[in-house]
Amino acid sequence: ALTDAVKDGVVARNVVEAVTSPRKSTKEMVTLTPSQLGLLLEASEATHYGNLIFAAAHTGLRRGELVGLKWTDVDLERGTLSVQRSAGRIPGRGLVVTEPKTSKGRRQIDLGAELVGVLRAQRARQAEERLAAGPAWQDEGWVFPKRDGTCSDPDVVSHSFHSLVGKLGLPPTRLH
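These numbers come from a predicted model, not from an experiment. (Residues numbered from 1 in each chain as written. Predicted model: local features only at pLDDT ≥ 70, side-chain atom pairs only at ≥ 80, totals over all residues. Heavy atoms only, no water.)

Q: Please explain the pairing of strand 4 (residues 94-98) as it appears in this structure.
A: The side chains of a regular strand alternate between the sheet's two faces. As defined by bridge partners, strand 3 (residues 86-90) adjoins strand 4 across five bridges and the pair is classed as antiparallel. The residue bridging Ala87 from the neighbouring strand is Val97, located in strand 4. Between strand 3 and strand 4, which follow one another and run antiparallel, lie three residues, and Gly92 among them has a positive phi close to 85 degrees. (Pairing = 2+ DSSP bridges. Helix = DSSP H or I, 4+ residues; strand = E, 2+ residues; numbered from the N terminus.)

What follows is the structure, given as structure tokens:
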């Protein structure tokens, strides 16, 4: 608006050009030591999102990418997965599943043998949950769904993760 005001001759100069913008402070990333990560992974096994936490630790995928992962994106025989979508909360719209924002966001990840085993266990666990839920189960194809088969909420996943980290007395860290 001030640039237009200068062009229109309403003001002599744009005073905002003389202002120095404050620097954005960056937080230091806290990472867990190998022994702390081992403790976290062991403790998470008993939780609903334990396999998701394991996958996060072994792939570096963001929480929204993990929540947005479908079984059609996973090839357990070849040991790969393909990032095709991400889930997140948008104010006023709720939980939304979208494609990656950039072409670099859509990528293929190689899985180690240990993670392939965990994903096979996840599939078996889901079959049990499907039977337990009965007609309430909504088979939407998610790898890490809620207990009814619908898409997990990344905020709930993060809350579960942070709660576990706190209970274990580990330093506050992000899931990603």
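Q: Help me out: how do you make sense of the layout of surface pockets in this one?
A: To find leftover empty space, one rolls a probe the size of a water molecule over the atoms. As a volume, the largest pocket reaches approximately 460 Å³. If you trace the largest pocket, you find 20 residues lining it, with Arg62, Gly64, Ser86, Ala87 and Lys101 closest to the centre. When residues of the lining of the largest pocket are traced back to their parent elements, those giving at least two are helix 4 (63-67), strand 3, strand 4 and helix 6 (154-167). Considering every element that reaches the lining of the largest pocket, the biggest residue donor is strand 3, with five residues. By residue class, the composition of the lining of the largest pocket is five nonpolar, seven polar and eight charged. Approximately 280 Å³ is the volume found for the second largest pocket. (1 Å grid on protein atoms, 1.4 Å probe; cavity = no way out; pocket = protein on both sides within 12 Å on 5 of 7 lines; lining within 4 Å. Points joined across faces, edges and corners; volume = space filled by probe spheres on them. Nonpolar A, V, L, I, M, F, W, Y, C, P; charged D, E, K, R; others polar.)

Q: Before we go on, may I ask you to explain the nonpolar core in this structure?
A: Soluble globular proteins: nonpolar side chains tend toward being buried together. The biggest cluster of nonpolar side chains holds 35 residues, and the ones touching the most others in it are Leu40, Leu52, Val74, Leu81, Leu119 and Phe144. Elements with a minimum of two residues in this core: helix 2 (34-44), helix 3 (50-59), helix 4, helix 5 (113-133) and helix 6. Broken down by element, the residue count for this core peaks at five residues, all from helix 3. Once you skip the residues sitting within four places of it in the chain, Leu81 turns out to touch Leu61, Leu69, Asp73, Val74, Arg107, Gln108, Ile109 and Leu111. (Core = buried A, V, L, I, M, F, W, Y, C linked by side-chain atoms within 4.5 Å. Buried < 20%, exposed > 50% of the residue type's maximum accessible area, 1.4 Å probe, protein only. Contact = heavy atoms within 4.5 Å.)

Q: Got a minute to help me understand helix 2 in this structure?
A: Along an α-helix, residues three or four positions apart point the same way, because every turn accommodates 3.6 residues. Within helix 2 the residues assigned to the buried category are Leu40, Leu41 and Ser44. Taken down its axis, helix 2 places every buried residue within 95 degrees of arc, on the same side. Facing away from the buried side of helix 2 by over 90 degrees, the exposed positions are Ser35 and Glu42. Turning to helix 2, the residues buried within the fold contact helix 3 and helix 6. (Arc of directions from axis to C-beta.)

Q: Sorry if this is basic, but what is going on with the pattern of salt bridges here?
A: If the charged atoms of two oppositely charged side chains come close together, the side chains can form a pair. The full count for this structure, using the stated rule, is 10 salt bridges. Two residues, Arg63 and Asp155, come together in a salt bridge whose shortest N-O distance is 3.0 Å. Residue Arg63 is located in helix 4, and its partner Asp155 is located in helix 6; the two are separated by 92 residues in the primary sequence. Look at Asp155 and you get partly exposed, because its relative accessible area is 35%. Glu129 is the salt-bridge partner of Arg125, the closest N and O atoms lying 3.6 Å from each other. Of this pair, Arg125 and Glu129 both sit in helix 5, four residues apart, which is roughly one turn of the helix. Salt bridges here are not isolated pairs; linked through shared partners, they connect Arg62, Glu65 and Arg107. (Salt bridge = Lys/Arg side-chain N within 4 Å of Asp/Glu carboxyl O.)

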